[in-house]
Amino acid sequence: MADTVAHLPVYDEKHSSDDSLEKKPIDGSDVVDDVQMAKEVEDFEERLANDEATAEEYRVEEAYEVAIKVLTTRDDPELQAVTFRTIFLGLGFSAFGAVLAQIYYFKPQTLSVSVLLLLVLSYWFGNGMHMLLPSRGIFRWINPGPFNIKEHVAIIIMSSTAATSAVAIQVISVQELYYNNNMNPGVAIFTLIGSQLIGYGYAGLLQDVLVKPTKCFWPANIYIANLFQALHYDRQMTSKRVRLFWTAFIALFVWEIVPEWIFPILTGFSIFCLADNSSSVFRNVFGGASNNEGMGLLAWCFDWNLIGSACLWAPLWLQLNQDIGIFLTYILMSAVYYGNIWKAQQFPFMSQAIFAENGSQYDQTSLLDANGKFDPTAYAELGPAYFSATNALYLITSNLSLGAVLTHVLLYHWNDLKPFVLSLNPWNKNVHHVHDAHFEKMKVYKQIPRWWYVAVLLSAYGIAQATNYTGNSGLPWWAVTVLLIIGFIFCALYATLAATIGFTEFNTSGNGFFQMITAYLVPGRPVANMYGAMYGAHPMQQGIAFLQDLKLGQYCKLAPRVTFCMQMAGTIVGSLLNYVMMLSIINAQRPALLSIAGTRLWSGQNAQSYNSNAISWGALGPQMFGAHAIYHMVPISLAIGLVLPLPFYIAYRIWPKAGFQNLNTSIIMQYSCYLSVGINTSVNMSLGIFSQWWVRRHYPRWFTKYNYILAAGMDGGTQVVLFLLNFAIFGAAGTAHTFPQWWGNGARSPPDVSRLAY
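Residues numbered from 1 in each chain as written. Predicted model: local features only at pLDDT ≥ 70, side-chain atom pairs only at ≥ 80, totals over all residues. Heavy atoms only, no water.

Once that is clear, we can look at the packing of aromatic side chains. For the structure on display, the rule yields 47 aromatic pairs. Here Phe93 and Phe96 contribute two aromatic rings whose centre-to-centre distance is 6.2 Å and whose plane-to-plane angle is 85°, an arrangement assigned as edge-to-face. Of the two residues, Phe93 and Phe96 both sit in helix H5 (residues 84-105), three residues apart, roughly one turn of that helix. Consider the rings of Trp655 and Phe660, whose centres lie 6.3 Å apart with planes at 40°: the pair is tilted. The residue whose ring lies beneath Arg74 is Tyr233, and the NZ or CZ to ring-centre distance is 4.0 Å. (Phe/Tyr/Trp six-rings, centres within 6.5 Å; stacked < 30°, edge-to-face > 60°. Helix = DSSP H or I, 4+ residues; strand = E, 2+ residues; numbered from the N terminus. Lys NZ or Arg CZ within 6 Å of the ring centre and 35° of its normal.)

To find leftover empty space, one rolls a probe the size of a water molecule over the atoms. Counted according to the given criterion, the structure contains five cavities of 30 Å³ or more. In this structure, the largest cavity spans a volume of roughly 100 Å³. In this structure, the largest cavity is lined by Gln207, Val211, Lys212, Phe439, Met442, Gln447, Leu550, Gly553, Gln554, Leu558, Pro560 and Thr563. Looking at the lining of the largest cavity, the elements that each hand over two or more residues are helix H20 (437-442), helix H24 (526-555) and helix H25 (560-594). Here the lining of the largest cavity is built from residues that sort into six nonpolar, five polar and one charged. (1 Å grid on protein atoms, 1.4 Å probe; cavity = no way out; pocket = protein on both sides within 12 Å on 5 of 7 lines; lining within 4 Å. Points joined across faces, edges and corners; volume = space filled by probe spheres on them. Nonpolar A, V, L, I, M, F, W, Y, C, P; charged D, E, K, R; others polar.)

Where helix H6 (residues 115-132) meets helix H7 (residues 149-162), the closest approach of the two axes is 10 Å, and the angle between their N-to-C directions is 140°. Judged by the angle between their axes, H6 and H7 are oblique. Handedness of the crossing formed by H6 with H7: right-handed. Taken together, the residues of H7 that come into contact with H6 (itself represented by Val115, Leu118, Leu119, Ser122 and Tyr123) are His152, Ile155, Ile156, Ser159 and Ser160. By residue class, the composition of the contact of H6 with H7 is six nonpolar, four polar and no charged. (Axes fitted to C-alpha atoms, helices over the stretch in contact; angles between N-to-C directions. Parallel < 35°, antiparallel > 145°, perpendicular 65-115°, else oblique. Left-handed = near helix turned anticlockwise from the far one by under 90°. Contact = heavy atoms within 4.5 Å.)

So, about the confidence of the model for the protein. Counting all residues, the mean pLDDT for the protein is 85, and 90% of those residues have values of 70 or more. Taken as a whole, residues 1-19 scores under 50 in pLDDT and shows 43 contacts with residues more than four places along the chain or in a different chain. Scored below 50 in pLDDT, residues 21-26 shows 21 contacts in the model against residues more than four places distant or in partner chains. (pLDDT = per-residue confidence, 0-100.)

Looking at where Val171 falls in the secondary structure, it is placed in helix H8 (residues 167-178). A relative accessible area of 1% places Val171 in the buried class. Residues Val171 and Ala528 lie 357 residues apart in sequence; the distance between their C-alpha atoms is 9.8 Å. Those residues within four positions of Val171 in sequence are excluded, and the remaining contacts are Met530, Tyr531, Met534 and Tyr610. (Buried < 20%, exposed > 50% of the residue type's maximum accessible area, 1.4 Å probe, protein only.)

A covalent bond between the sulfur atoms of two cysteines is what we call a disulfide. With the rule as written, the count across this model stands at zero disulfides. Cys216 carries a free sulfur, and the closest cysteine sulfur to it, the one in Cys491, is 13 Å from it. According to the relative accessible area criterion, Cys216 is buried, its value standing at 2%. Cys556 provides the cysteine sulfur closest to Cys565, a residue in no disulfide bond, and the two sulfurs are 18 Å apart. (Disulfide = S-S within 2.5 Å.)

Looking now at the environment of Tyr555. For Tyr555, the position within the fold is in helix H24. Sequence separation of Tyr555 and Trp414 is 141 residues, and the distance between their C-alpha atoms is 25 Å. Those residues in contact with Tyr555 that sit more than four places away from it in its chain are Ala67, Leu71, Thr72, Phe217, Trp218, Asn221, Ile222, Ala225, Gln229 and His438.

Mapped onto the elements, Gln515 comes out in helix H23 (residues 507-521). Judged by relative accessible area, which is 5%, Gln515 ranks as buried. Apart from residues lying up to four places away in sequence, Gln515 is in contact with Asn529, Ala533, Asn613, Ala614 and Trp617.

What follows concerns the side chain of Thr267. For Thr267, the location among the structural elements is in the loop between helix H12 (257-262) and helix H13 (271-275). Within the structure, the side chain of Thr267 is placed 2.7 Å from the backbone oxygen of Pro264, a separation counted as a polar contact. (Polar contact = N/O pair within 3.5 Å; in protein donor to acceptor, adjacent residues only side chain to side chain.)

This next bit is on the pattern of salt bridges. Counted according to the given criterion, the structure contains 15 salt bridges. One salt bridge in this structure joins Arg701 and Asp51, with 2.9 Å as the shortest N-O distance. Placement of Arg701 in helix H32 (residues 700-728) and of Asp51 in the loop between helix H2 (28-49) and helix H3 (55-58) is noted, with a sequence separation of 650 residues between them. Among the residues examined, Arg701 registers a relative accessible area of 30% and is labelled partly exposed. Judged by relative accessible area, Asp51 falls into the partly exposed class, the value being 39%. Within this structure, Asp51, Arg701 and Lys705 form a network of salt bridges that share partners. (Salt bridge = Lys/Arg side-chain N within 4 Å of Asp/Glu carboxyl O.)

Written as structure tokens, this is what we have:
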């Protein structure tokens, strides 16, 4: 069996290249080698499944090995993927997810529709349809047999694509609410569709190098694919994996009622705050159970909704880089505030608002004239604007990360992206052949020609330019083109990190970066700034999400053309329902959405925040970030970030076995002010090290067979009960039901315990 393990792809560390992707002409020997490799992997997987492998064979040495040792390459090409159940449940859950996501966007609590929620619900509904619908005679097409994995994956790809509130909705809703611009429905819907389809084009161009190879294993997909395979391939309740999943699911389903409703102090408490709740220093450093309260140093959290399963499935070196960044956070945030940098102590320790010099909130809307442009006279009257120091620090570290990602990927992953760059040359005759056990099984299905994606990209580009013009965005056509090119470059860079190490914390920094770029391209225009952020960041984010879906389809052996169609259908359904729900909510709840506090049921906080960011960058960009402005280091930090990976790369070349190649300055910098917003008691470094190092090294069989299914069960139970609690208890359906007051949810008795919570 050592021979089989040896056939798993091995990478040349000197170049960080992937031997599963080679540049060579295809001949018969390649086909034979790939078939032989797939057969050996099948035999190896059989030994793992039957507990016949040794501890060394179970042990995951390189992160990418989970794609073979945790998942199976099993496939049944005869299984139907597109059935009546697929279409019915796919459309149903797409509508459910899109409507729910849009409702959540206008709620006081910031929520999202979980993939695991959709996965579990669709599993129940799919099996229910199989048991209840007739299956004989003419009804065979309605109920062709047991609910299978391909139907299930197709439903999830379609519904999860739809179950988001698109960035374009933020642009449209802000114009509806704050600028009295009632966009033409056709223009609005095509803006929604076009801005997302551009991401499809990005994904299609990059899939050969970022989906098919073994090295691009997309860690965030492993526990989802593992759950699909356990639910559909195992012998249900006689399977230990399935029993573990449902046990963890039920346990967390029951437990989460306690910290979320009955005993909310368990979301975060600190011994230091117990000792002294009156000290602002203690609150800033050790607090963190409430939004924007503090950094949560040494605080404990017992709410899995805040902790999440990433500590179980994220690769060890991703978590270690994050931990280094969070360690720097405690130092940097304390230094800028207590060092009074940027007049820090005149403003709150943590806030995302913009302030006047006297500490009051800045009147941003007064900056604009009747045409929505920057008014210099009004600015002279209002005076300079300021961020909280920690928010300014976050902008700097985000730009350091953005600069570092370019250099890091070019230094360590150039050989991974090189085949794509060479494929752009029409005279290039070399064929890049992928050697991957999962992809080998996909060769029985028709692949998607690249021209499909090129056609989608060109069509979406035309739609974007047309809707940008007819929507009176104020953004010139050439600026849209520049932003899309930059967005594609960063899509390739960030998708490389998401595929190879699982780094996904780039959405907020991406938005800020494109707002900054747009502020330089089109200064003084907040609405144009919103469009610029949309066309820069949204296609990038969508492209990465689509690449991840394509990899999930490869793991679960869903035909690529089915994946493509499900993604397209989900995008269209989601766009239509996003827009319809947005209009209905705005028309019915406009006063609540425009008020600062909102109501118990409705809030315009997300739209308000998006508008504030657009004004700060679009109207105040030169005044806040110019060469002589107080925050001039924000754009400069982008250039500084370019050189950050170089010392570690040089050290790696001198001492190649010392591990310097595992230090990713882009990830470290992204997390170096990670605690500047939100609830911060959920930081838990110990769980990740325990799972991805101690269990992986000392209990390799348990890690390989059960670690990822445990992560899915804990997240699944949490997400399902939170959905029920939001509508049944927390007031999302209209009436909130509070738990009786006691010291565990903030009452004042006994007094010494109440100091646990702020």
